[in-house]
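Topology and contacts: notes
Below are the chains, spelled out letter by letter.
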Amino acid sequence: MPKSRTAAIVLAAGKGTRMKSRKPKVMHEIANRPMIGHVMAALKPLHCDPVVLVVAPGMEAVAEAAVPAQIAVQREQLGTGHAVMAARTTLKSVSGDLLVLYGDTPFIATATLEAMLKRRRGADDPAVVVLGFRPDEPGGYGRLVLGASGGLDAIVEACDATPEQRAIGLCNSGVMALDAERILPLLKELRNDNAKSEYYLTDLVALARGRGWDCAVVEASVEELMGINSRADLAAAEQVYQQRARASAMEGGATLLEPASVYFSHDTQLGQDVVVGPHVYFGPGVTIESDVEIKGFCHIEGARIAAGARIGPFARLRPGAAIGPDVHIGNFVEIKNARLGPGAKANHLTYIGDAEIGGGTNIGAGTITVNYDGFSKSRTVIGPNVSIGSNSSLVAPVTIGAGAIVGAGSVITENVPADAMAIARGRQVNMTGRAQTFRAKRKKTTKAKPAKKAGARSGTKRKSGK
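Residues numbered from 1 in each chain as written. Predicted model: local features only at pLDDT ≥ 70, side-chain atom pairs only at ≥ 80, totals over all residues. Heavy atoms only, no water.

Structural notes on the overall build of the chain
Note the following rule: To qualify as a helix, a DSSP run of H or I must reach at least 4 residues; to qualify as a strand, a run of E must reach at least 2; elements of each kind are numbered from the N terminus. To get the radius of gyration, use the C-alpha atoms; to get the globule rule, take the number of residues to the power 0.38 and multiply by 2.2 Å. Contacts are assigned to residue pairs that have any heavy atoms within 4.5 Å of one another. Note that accessible areas follow from Shrake-Rupley with a 1.4 Å probe, and for residues the cover is restricted to the protein chains shown. Counted charges follow a simple rule, with Lys and Arg positive, Asp and Glu negative, and His plus the chain ends left uncounted. For charged residues, the charge sits on one atom: NZ in Lys, CZ in Arg, CG in Asp, CD in Glu.
What the chain contains, in helices and strands, is nine helices and 33 strands. The C-alpha radius of gyration computed for the chain amounts to 33 Å, which surpasses the reference 23 Å derived for 466 residues by more than 25%, pointing to a less compact arrangement than a globule. Along the longest, intermediate and shortest principal axes, the C-alpha atoms of the chain span 105 × 85 × 40 Å. Put simply, 43% of the contacts in the chain that link residues at least 6 apart link residues at least 24 apart. In the form shown here, the chain has an accessible surface area of approximately 24000 Å², with 52% of it arising from carbon and sulfur atoms. Both charge centroids of the chain, one from 56 positive and one from 43 negative side chains, sit 20 Å from each other.

Here it is in structure tokens:
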């Protein structure tokens, strides 16, 4: 394997006991993507080789979410230094730069990682670059102690800091860029003679400085470095992401009528002059072209909506929905795995699943494509310029030819030829006077029922007292 310029280790073995969850902490989602997925996405543009994911035993789901990262298993959780030791054997061929990140810090930005690598390759050739931040309340964070020249002299844990050091506002995030050739051999010198009996990665700074090597700091925002340790942290991170996504959508030319009520996924794509009403949810896999209107209270996932379409209110588009140009999808309409051609309309109370709808076709209120027989799904094909009457059931597999008309209330079980009119419903029978006699009979029956005696219990006998 050739030597690489940049490698990366992502530490993700923490179980996150404060999350009170059976699944690993880094698999909890922000904007419908696991935390570890956000971190891997930030690394991707850097083309790191290898990327090593450190997990605990039994975390196969984390490994799957981080493909194609190589996996190292930390059998015991004995600190950050110990976690990097677990990845050591996978990094034998690495002699360039090494990034160390955390799977529960999902907002780390590619630009920040690039800045760290640039600083690592600076003229003073620092062996360690630490990512710092300045929280309003430094509290228990380790402090970054800078020298007179601005270099990093030491990382001091809060519990060991002097009053002067605790007054330092620059704190340690734990993210590092290392010179792998110099620093990796120092892992064997880490000691666990501390209160937690753990091996701390931060001790590498002292080891490097002891050899006369420079260390440096790059700063990032508090928001970018927020870690997730609890459900409350997860909710706060979701809000941060949504605020960013809403701002980005509006900067890109979309109108959000009530921004705070619109929910985006990590991969939502909106074109220009898209108008989004209140309380709209975008699940994963949504692409919306320009000049589309999404009215309020719609739920959209796995769908593509072409230019000029009008959706909602109260519409649901499920995975596989492909909405063509100028299509109208109205209130309480559900679309699943179906394509609607240009100008097609389904304006009310309709389910269209596993279907192909031609351009210009109108689907009447209450129409259902009956796509499931209890064992398998079948497809309905409706040609262009078809009129489907209200309250019709189209029992798949079935094809409705171009220009055909289906009468309201029909149950269509056979193909309909092009330009034909299909009516499939029971014949109406009017029974003169029957309503009057029916009502009279019902009244007579009701009066004939004997009233129950007060206090009587049906099916029981009273016992005499003794």
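Overview of the packing of aromatic side chains
To keep things clear, this is the line we draw: Here a Phe, Tyr or Trp ring, Trp counted by its six-membered ring, pairs with any other such ring whose centre lies within 6.5 Å, and the pair is stacked when the planes are under 30 degrees apart, edge-to-face when over 60, and tilted otherwise. Burial classes: relative accessible area under 20% of the type maximum marks a residue as buried, over 50% as exposed, and values in between as partly exposed (1.4 Å probe, protein chains only).
One pass over the structure, following the stated rule, counts five aromatic pairs. Aromatic pair Phe264 and Phe282: ring centres 5.4 Å apart, planes at 20°, arrangement stacked. Of this pair, Phe264 sits in the loop between β12 (255–256) and β13 (269–270) while Phe282 sits in strand β15 (residues 281–282), placing them 18 residues apart in sequence. As far as the burial class goes, Phe264 and Phe282 line up, both buried.

Some remarks on a nonpolar patch on the surface
Quick note on the threshold: Like charges are joined within 9 Å and nonpolar side chains (Val, Leu, Ile, Met, Phe, Trp, Tyr) within 5 Å, but only among residues with over 30% relative accessible area and no salt bridge; these make up the patches. What makes a salt bridge here is a side-chain nitrogen of Lys or Arg within 4 Å of a carboxyl oxygen of Asp or Glu, nothing more.
A cluster of nonpolar residues, Phe297, Phe314, Phe332 and Leu349, forms a patch on the protein surface that exposes about 410 Å² of accessible area. Tracing the sequence through the fold places Phe314 in the loop between β20 (310–311) and β21 (316–317).

Here we look at the pairing of strand β8 (residues 143–146)
Selection criterion: Any two strands with at least two DSSP-identified bridges between them are counted as paired.
Where β8 and strand β9 (residues 152–156) come together, four bridges link them in antiparallel fashion. For Leu144, the partnering residue across the bridge sits in β9 and is Ile155. Taken together, β8 and the strand that follows it, β9, pair antiparallel across an intervening segment of five residues, in which Gly150 is found at a positive phi of about 95°.

Focus on the environment of Arg209
With respect to the helices and strands, the residue Arg209 is situated in helix α7 (residues 203–210). On the accessibility criterion, Arg209 (30% relative accessible area) is partly exposed.

Regarding the confidence of the model for the chain
Interpretation of the predicted coordinates at a detailed level should be avoided for regions scoring low in pLDDT. The condition that has to hold: You can read pLDDT as the predictor saying how much it trusts each residue, on a scale of 0 to 100.
A residue-level look at the chain finds 95% of positions with pLDDT of 70 or above and a mean pLDDT of 93. Counted against residues more than four places away or in other chains, residues 456–466, with its pLDDT under 50, gives one contact.

Concerning the pairing of strand β23 (residues 328–340)
Note that β20 and β23 share two bridges and pair parallel. Its bridge partner being in β23, Ile311 is matched across the sheet by Ile329. Bridge analysis of β21 against β23 gives two bridges, and the strand direction is parallel. When the bridges of β23 are listed, Leu317 appears paired with Ile335. Pairing geometry for strand β22 (residues 321–323) and β23, over two bridges, is parallel. Pairing of Ala322 across the sheet is with Arg339, part of β23. The pairing of β23 with strand β24 (residues 345–357) spans 10 bridges and is classified as parallel. Within β24, the position partnered with Ile335 by the bridge is Ile352.

Comments concerning the environment of Met431
Along the chain, the position of Met431 falls in the loop between β33 (421–422) and α9 (434–448). Classification of Met431 by relative accessible area gives exposed; the value is 53%. C-alpha of Met431 to C-alpha of Phe375: the two residues are 56 residues apart in sequence and 41 Å apart in space.

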